[in-house]
Amino acid sequence: MPRFHVLPALLLLALCPAFWLAASALAEDVPPESEQLKDTRIEVDEQAHVIRFFIDGKEMAVLDALGLHVIGDIDYTGAMNDKGKPGDAP
């Protein structure tokens, strides 16, 4: 009949929870994906009354009461019509 050694079994039972606790303590707290800031996103800034557009983590456009402000070029096809005087926004 094989001999059962109590000390190694107790040591194993004691170390398993210790390793599990150490691993969970060392794990990084990463927020859920819904809370992480995306590189490309749209943010509504209620305090400043603006909407900010981010591409690759950089603010590329802002929409406010005065209009759309774009950092960089605007490429378009077709026709653009500007009907009205500056400041005649509805």
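This text follows the structure it describes.
This structure is a prediction, so every number in the text was calculated from the model and none was measured.

So, how was this worked out
Residues numbered from 1 in each chain as written. Predicted model: local features only at pLDDT ≥ 70, side-chain atom pairs only at ≥ 80, totals over all residues. Heavy atoms only, no water. Helix = DSSP H or I, 4+ residues; strand = E, 2+ residues; numbered from the N terminus. Polar contact = N/O pair within 3.5 Å; in protein donor to acceptor, adjacent residues only side chain to side chain. Pairing = 2+ DSSP bridges. Salt bridge = Lys/Arg side-chain N within 4 Å of Asp/Glu carboxyl O. Buried < 20%, exposed > 50% of the residue type's maximum accessible area, 1.4 Å probe, protein only.

(A) Representation of the environment of E43 in the model. Examined against the element boundaries, E43 turns out to sit in strand β1 (residues 41–45). Between the C-alpha atoms of E43 and F53, which are 10 residues apart in sequence, the distance is 6.6 Å. Within the structure, E43 has its side chain in polar contact with the side chain of R41 (distance 2.7 Å).

(B) Structural view of the pairing of strand β4 (residues 67–70). Bridge analysis of strand β3 (residues 58–64) against β4 gives four bridges, and the strand direction is antiparallel. Within the sheet, the bridge partner assigned to A61 lies in β4 and is V70. The loop that links β3 with its antiparallel partner β4 comprises two residues.

(C) Geometry of the pattern of salt bridges. Throughout the structure, instances matching the rule amount to three salt bridges. The residue D45 makes a salt bridge to R52 at a minimum N-O spacing of 3.3 Å. The partner of R52 in a salt bridge is E59, with the nearest N and O atoms 3.4 Å apart. When its relative accessible area of 27% is taken as the criterion, E59 is described as partly exposed. One network of salt bridges, with partners in common, ties together D45, R52 and E59.

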